[in-house]
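# Architecture and fold: a report
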Amino acid sequence: MPVAGVGARQGVLIMLVVPERIIPELIDRACAFGAVESVFGAMARGDARNFPVIREDIGHADALYGFKSGFDRAGLALGLKSGGYWPGNEARGLTNHQSTVCLFDADTGRLKAVVGGNYLTAIRTAAASAVSIAHLSRPDSRVLGMIGAGHQSAFQMRAACEQRDFEKVVGWNLHPEMLSRLADTAAGIGLPFEEASLDELGAQADVIITITSSFAPILKAAQVRPGTHVACMGTDTVGKQEVEAELVARARLFTDEVAQSVSLGECQHAVAAGMIGAGDITEIGAVINGTAPGRRSDDEITLFDGTGVALQDLAVATAALERAQARGKALEVDF
Ligand code: NAD
């Protein structure tokens, strides 16, 4: 019997699989930037929302497991990203962070596709800070400061450097032996790289990206000069912190989602200390939509609290699925 609907083939209900290994060839930075910018706009219009996040210590393999889900009514993207952190994976030749995106048909609830989520996580996180740089940093920004040199940092740097005409990258990392990743990435982009103290980094950088797993402030308010744009991308969990609460209190604040920013993002500490409230934080989607001002002067410090929302994952996974289908690369599974 023929069955109508997404993923239906004559007589068979199918779902699609987009394997992790082909995703880098499907999604480029421009595609991720467009998908993330567009869904941030949809969130601010009320067309798309994220559902409560689940994150649990499963009591096995030291793993933290969870899922983030949401629905974009405008783009009809319904689904979740499931996964977490398995610290023993590296010893097995696997990435410690593991994620998979499931997309559902918004009309019927049927599972439409399973999409590898590891590469997508990196590229959508980099797209979020790139969107913030495009909308909030000074157009004449010339020096990019990188704090953090882990897996995400290379994706962050490449995406940031497409938004402004940076002439140099300066970098700091708690573990200096990891700085070669920043130097190599800058060289790949064609920019000089300099290792810097936090004082030197703050004194030179026009844009600073923090992308670490720190649980204590690294960058101090006094180290950041007027006019800087700071994208705090590492703090995505209760207790994590990358910058002093005083810096958050001093900056004009933007985020992907206010509820996450005040509870598990970089703003959580300034909120807990009573220095700021949720009303001080603007969703970047409102700036994208032109319903809230972005940077108002060359002197103000803007800070984007990129907490990471499900809708970012659904947006890039949907784009990957569409491209895989268009190129005949999606695997069909009888389901
Ligand atoms: P990674 O493990 O590859 O690198 C970790 C980085 O943090 C390294 O630079 C390391 O030197 C530094 N670091 C570790 N412990 C530190 C400490 N105590 N103080 C200061 N620096 C420390 O991790 P990654 O994949 O590059 O991810 C970096 C962070 O970004 C993680 O916290 C991760 O959860 C977060 N993240 C956020 C989003 C988002 O959407 N906001 C998405 C993905 C990852």
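Residues numbered from 1 in each chain as written. Predicted model: local features only at pLDDT ≥ 70, side-chain atom pairs only at ≥ 80, totals over all residues. Heavy atoms only, no water.

Now for the overall build of the protein chain. Broken down by element type, the protein chain carries 11 helices and 19 strands. For the protein chain, the residues scored as buried account for 55% of the 335 residues in total. As displayed, the protein chain offers around 14200 Å² of accessible surface, 52% of which is attributable to carbon and sulfur atoms. For the protein chain, the centre of its 29 positive side-chain charges and the centre of its 40 negative side-chain charges are spaced 4 Å apart. (Helix = DSSP H or I, 4+ residues; strand = E, 2+ residues; numbered from the N terminus. Buried < 20%, exposed > 50% of the residue type's maximum accessible area, 1.4 Å probe, protein only. Areas by Shrake-Rupley, 256 points an atom, 1.4 Å probe, with all protein chains shown as cover. Lys, Arg positive; Asp, Glu negative; His and termini not counted. Charge placed at Lys NZ, Arg CZ, Asp CG, Glu CD.)

Moving on, we come to the pattern of salt bridges. If charged atoms from side chains of opposite charge come close, those side chains can pair. Going through the model one piece at a time under the given rule, you end up with 14 salt bridges. Among the salt bridges present, the one from Asp313 reaches Lys81, with a minimum N-O distance of 3.1 Å. With a gap of 232 residues between them, Asp313 in helix α11 (residues 310–326) and Lys81 in strand β6 (residues 77–85) connect regions that are remote in the sequence. On the basis of relative accessibility, which here comes to 1%, the residue Asp313 falls in the buried class. Taken together, the salt bridges that share partners define one network made up of Arg138, Asp140, Asp206 and Arg225. (Salt bridge = Lys/Arg side-chain N within 4 Å of Asp/Glu carboxyl O.)

Pairing within the open sheet is parallel, and its 8 strands lie in the order β11-β10-β9-β12-β14-β18-β16-β17. Where the open sheet ends on each side, the last strands, each with one partner, are β11 (193–195) and β17 (281–283). Going across the sheet, the axis of each strand differs from the next one's by a mean of 20°, ignoring polarity. Relative to β11, strand β10 (residues 168–172) is paired through 3 bridges, and the arrangement is parallel. (Pairing = 2+ DSSP bridges. Axes fitted to C-alpha atoms, helices over the stretch in contact; angles between N-to-C directions.)

What follows deals with α11. With 17 residues, α11 extends 24 Å between its outermost C-alpha atoms, agreeing within 8% with the 24 Å of an ideal straight helix rising 1.5 Å per residue. Within α11, 13 of the 17 residues are buried, which leaves the element mostly enclosed by the surrounding structure. (Expected span 1.5 Å × (residues − 1).)

Let us now look at the pairing of β6. Burial within β6 is extensive, with 7 of its 9 residues counted as buried. Of the strand pairs in this sheet, strand β5 (residues 64–72) and β6 are connected by 9 bridges, and their pairing is antiparallel. Bridge pairing links Tyr65 to Gly84 in β6. Connecting β5 to the next strand, β6, in antiparallel fashion are 4 residues, including Leu76 with a positive phi near 55°. Sheet analysis places β6 next to strand β7 (residues 97–104), joined by 8 bridges and oriented antiparallel. In the strand pairing of β7, Lys81 is matched with Val101.

In this section: the site of the ligand. Taken together, 23 residues lie near the ligand, and Arg124, His151, Asn173, His175 and Lys240 sit nearest. Separating an oxygen atom of the ligand from a backbone N or O atom of Ala149 is a distance of 2.9 Å. Here an oxygen atom of the ligand and a backbone polar atom of Gly234 are 3.2 Å apart. Contact with the protein chains hides 83% of the accessible area of the ligand, taken as 860 Å² for the molecule alone. (Near = heavy atom within 4 Å. Polar contact = N/O pair within 3.5 Å; in protein donor to acceptor, adjacent residues only side chain to side chain.)

A word on unusual backbone geometry. Here Ala61, not a glycine, exhibits a phi torsion of approximately 55°, which is positive. The residue Ala61 is located in the loop between β4 (54–57) and β5 in this model. A residue is classified by how much of its surface remains accessible, and Ala61, at 42% relative accessible area, is partly exposed. Within the chain, Asp62 stands out as a residue other than glycine whose phi angle is a positive 55°. By secondary structure assignment, the location of Asp62 is in the loop between β4 and β5. Residue classification places Asp62 among the exposed residues on the basis of a relative accessible area of 66%.

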